[in-house]
Amino acid sequence: MGAPLAIEAQGLHKTYGGLFGPRQRALAGLDLAVARGEAFGLIGPNGAGKTTFIKILLGIARPTSGEVKLLGGDPEAVEVRRRVGYLPERLHLPQAWTPPAFLASVARLKGAAHSPRSLLDLLARVGLADDAQRKIGGFSKGMRQRLGLAAALIGSPDLLVLDEPTDGIDPLGRMEVRKLLMDELSRGATLFLNSHLLAETERVCGRVGILSHGRVLREGKLEDLCQSSSHYRVSFAPGCDAQALSAAGFASGPEGPAGAWRCQADTPEKLNEALDRARRSGALLVEVAREEKDLEEVLQEAVRGAAAAPPEVREEAA
Amino acid sequence: MLAVAADLIREATKRKWFLGLAIAITAVLVTLSLSLRMEVVDGALAATRLFGKLAKNPIQSVDVALRPVFFAVAAVTFYGGSVFGIVACADFAPTLLSPGRIEHLLALPVRRWQLLAGTFLGVLALSLAAALYGSGGLAVLLGVKTGLWNWRLLVAGLLSTVSFAAVYAAMLTAALYARSASVSAAVGFGVFISGIVAGFRHDLIPMFEAGFGRTLFTGYTLIFPRISALAGAAMDIAGNQPLQVRSLWSLLAGVLVFGGGVLTLGIWRFEQKDF
């Protein structure tokens, strides 16, 4: 029997409003599983239901129907929440406190052992060692975000749920945060990330889920999602007949006929037929690889595909 | 729960309202200690000087002479303390429930009812500390100057906290329905004033003609704790006078039932609410 999943959601539905106001469906049958020790990124357009899902995950909101488990247990169980570190999108911090006082407060509420030294070490990890004696009210947005991240790390949690963790942090600071998150992954923690910075998600996460209108549209390993299923990048040796290759169904890339060519083939048979036509024209094949897209293109395709689905399919999906 | 209460107290010590209150109480006590002279001869208050001016009071035994002072202190602690508490504590609950803070707290290994109860306890602790500091400080001051040590002033301070507990329970519950310091304060004042009226219920009922109006007024005032009656009892206790109310325990029971009931409603609402 394998270790329980870090996050397990089945058939999650969440509808807000009802009695005296309009009903708004935030989640429409969400299914998701995140294994222990994984770095999972959840992306999607505004209003997709990402924050609602995170709130249900942590017991901050309750689902209308469906089941969710956190580290194999009930999200509202105290013992489960003790092993979770959470950074909300807009963390409200006490203005008149210093960072060590805030972290000590969080540590007490988590029941986590702490000392003034350990809290200062934690502040140093997030780059706030020099600001330990300043009041939080004087912090910039990025500094507040770093402090929130430090609070999430208290108690060495098994699961880190981070909602826009690098929001407001400068590019160099983001590198530091990424390194910190990778260190946590190395420690064995599971990472669940919600970020609009897709480049950030690509750098940190091994698996990604795309959420739209309350459902997971696509989900899987980053490299699988970003690899096209029907577009290929093909390189030929210099001296190939460009016209013959165009006639064989190849399109030249941005570098022109001397660079890589693109080929669209829905099946391996069609791909090989195209390659055979190219070789018959005298072209020498050097390299064939699936074309890679960035996460932005993957997201766009997934959301457009969902919007373009026939109404009955969309209704059924809803 | 105690950690939540402690954090609230820590937060309050940084706020100008409470710093101002502490400074004001201390200033009054220091000023009185330096400027008030009381000459007691054979247990009688012979002369009183304030800022060097002689107060024209008849020579009376100290406890009789100081009775009006004890009444006044109890009244100020009770009524003044409640009004101050309503204004100064109105935004604790809305701040607890503010976006970004409540999500963070609910994700911690703390049960929902503990967050609410901790907030309630923290406010009560502040109220009690202020009431005991003011009334206790004055008891010590007058004890040193006259030799009359009236610890009943502390009991009056305790009763004012019990009364404020019922008012704050309503404020806390109101904040769960409308996250607003203004609404919370308005509900606090509403309960406070209704409680004062409820305490004079038996005197006011005859002013209504028998019928629907009287029934409505009677029913309305039955809901609220009899704050003015409890204030009167606190003043009687402070002044070492026989209680004018029939039963202090029934008064306290009424306050506790109201406060407990409203707080239970608040906890139920908090447990159900999505954030």
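Criteria and thresholds
- Residues numbered from 1 in each chain as written.
- Chains lettered and ligands numbered in written order.
- Predicted model: local features only at pLDDT ≥ 70, side-chain atom pairs only at ≥ 80, totals over all residues.
- Heavy atoms only, no water.
- Helix = DSSP H or I, 4+ residues; strand = E, 2+ residues; numbered from the N terminus.
- Buried < 20%, exposed > 50% of the residue type's maximum accessible area, 1.4 Å probe, protein only.
- Contact = heavy atoms within 4.5 Å.
- Areas by Shrake-Rupley, 256 points an atom, 1.4 Å probe, with all protein chains shown as cover.
- Lys, Arg positive; Asp, Glu negative; His and termini not counted.
- Charge placed at Lys NZ, Arg CZ, Asp CG, Glu CD.
- pLDDT = per-residue confidence, 0-100.
- Buried area = accessible area lost by both parts, 1.4 Å probe.
- Salt bridge = Lys/Arg side-chain N within 4 Å of Asp/Glu carboxyl O.
- Polar contact = N/O pair within 3.5 Å; in protein donor to acceptor, adjacent residues only side chain to side chain.
- Nonpolar A, V, L, I, M, F, W, Y, C, P; charged D, E, K, R; others polar.
- Phe/Tyr/Trp six-rings, centres within 6.5 Å; stacked < 30°, edge-to-face > 60°.
- Lys NZ or Arg CZ within 6 Å of the ring centre and 35° of its normal.
- Expected span 1.5 Å × (residues − 1).
- Bend = angle between axes of the 7 residues up to and from the residue.
- Core = buried A, V, L, I, M, F, W, Y, C linked by side-chain atoms within 4.5 Å.
- Domains from an automatic or database assignment.
- Pairing = 2+ DSSP bridges.
- Axes fitted to C-alpha atoms, helices over the stretch in contact; angles between N-to-C directions.

Engineer: For the overall build of chain A, give the residues involved together with the corresponding values.
Structural biologist: Helices and strands together make up the secondary structure of chain A, namely twelve helices and 13 strands. Within the span of chain A, comprising 318 residues, buried residues form 48% of the whole. Here the analysis covers contacts within chain A between residues at least 6 apart in sequence; of these, 69% occur between residues at least 24 apart. Carbon and sulfur atoms provide 51% of the accessible area of chain A, an area that totals close to 15,200 Å². Here chain A contributes 40 positive and 40 negative side-chain charges, whose respective centroids are spaced 6 Å apart.

Engineer: Tell me about the confidence of the model for chain A, residues and numbers included.
Structural biologist: Residues and elements named next belong to chain A. Looking at chain A, pLDDT values average 87 and 95% of them are 70 or higher. Mean pLDDT values for the elements of chain A range from 47 in helix α12 (residues 311-317) up to 95 in strand β6 (residues 159-163). Contacts from residues 312-318, a stretch scored under 50 in pLDDT, to residues over four places away or in other chains number seven contacts.

Engineer: A description of the interface of chain A and chain B should follow, citing residues and the corresponding values.
Structural biologist: Across the contact, 26 residues belong to chain A and 26 residues belong to chain B. A combined buried area of about 2,400 Å² lies between chain A and chain B, and 58% of that area is made up of carbon and sulfur atoms. Taken together, the connections running from chain A to chain B amount to three salt bridges. Between B:E103 and A:K55 there is a salt bridge whose closest N-O contact spans 3.6 Å. Our count for the contact surface shared by chain A and chain B stands at 13 residue pairs in polar contact (both at pLDDT 80 or more). Those elements that provide at least two residues to the side of chain A that touches chain B are β1 (7-16), α2 (78-81) and α3 (99-110) of chain A. The biggest single contributor to the side of chain A that touches chain B is α3(A), with six residues. Here the residues of the side of chain A that touches chain B sort into 15 nonpolar, three polar and eight charged.

Engineer: Give me the lowdown on the packing of aromatic side chains, citing residues and values where you can.
Structural biologist: In the structure shown here, the tally under the stated rule is 15 aromatic pairs over all chains. On the numbers, 5.6 Å between centres and 70 degrees between planes, the contact of B:F270 with B:F275 is edge-to-face. Per residue, the accessibility class of B:F270 equals that of B:F275, and both read buried. For the cation-ring pair, A:K14 lies above A:Y16, with the distance from its terminal atom to the ring centre recorded as 5.0 Å. Directly above the ring of B:F270 sits B:R112, whose terminal nitrogen or CZ lies 5.9 Å from the centroid.

Engineer: Explain helix α3 (residues 62-89) of chain B residue by residue, including any values.
Structural biologist: Counted at 1.5 Å a residue, the expected span for α3(B) with its 28 residues is 40 Å, and the 37 Å between its end C-alpha atoms agrees. At B:P68, α3(B) shows its strongest bend, of approximately 35 degrees.

Engineer: Please give an account of the nonpolar core that cites residues and values.
Structural biologist: By size, the foremost hydrophobic cluster in this structure holds 154 residues, and its most contacted members are A:F53, A:F102, A:L103, A:F192 and B:Y168. Mapped onto the domain boundaries, this core takes at least three residues apiece from domain 1 (1-83 + 157-228 + 293-318) and domain 2 (91-155) of chain A. B:Y168 has contacts with B:C89, B:F92, B:A93, B:T119, B:F120 and B:V123, leaving out every residue within four places of it along the chain. Within the second largest apolar cluster, 15 residues are counted, among which are A:C240, A:W261, A:C263 and A:A274.

Engineer: Before we move on, can you summarise the environment of B:L154 with the specific residues and values?
Structural biologist: Residue and element names in this part refer to chain B. As for its position among the elements, L154 is in helix α7 (residues 152-177). L154 sits 26 residues away from L128 along the chain, and the two C-alpha atoms are 9.8 Å apart. Here L154 is in contact with L132, S135 and G136, once residues within four sequence places are set aside.

Engineer: Report on unusual backbone geometry, specifying residues and quantitative values.
Structural biologist: All names here are of chain A. Of note in this structure, S156 is not a glycine but carries a positive phi near 45 degrees. Tracing the backbone through its elements, the reader meets S156 in the loop between α5 (141-153) and β6. The residue H213 is not glycine, and still its phi comes out positive at about 50 degrees. Residue position: H213 is located in the loop between β8 (207-212) and β9 (215-221).

Engineer: So what's going on with the sheet that holds strand β2 (residues 24-34) of chain A? Which residues, and what values?
Structural biologist: All names here are of chain A. Taken together, three strands build an open sheet; the order of strands is β2-β1-β4 and the sheet is antiparallel. Both outer strands of the open sheet, β2 and β4 (65-70), are each paired with one neighbouring strand and no more. On average, adjacent strands in this sheet sit at an angle of 20 degrees to one another, irrespective of strand direction. Across five bridges, the pairing between β1 and β4 is antiparallel. Note on β4: the bridge partner recorded for A9 is V68. Each of β1, β2 and β4 touches helix α1 (residues 50-57); the most contacted strand, β1, lies at about 115 degrees to it.

Engineer: Requested: an account of the pattern of salt bridges, with residues and values cited.
Structural biologist: Residues and elements named next belong to chain A. Summed over all chains, the structure comprises 23 salt bridges over all chains. For R279, the salt bridge goes to D276, with nearest N and O atoms at 2.7 Å. A residue pair is termed a helical-turn pair when its members lie 3 or 4 positions apart in one helix, as R279 and D276 do in helix α10 (residues 268-280) at three residues.

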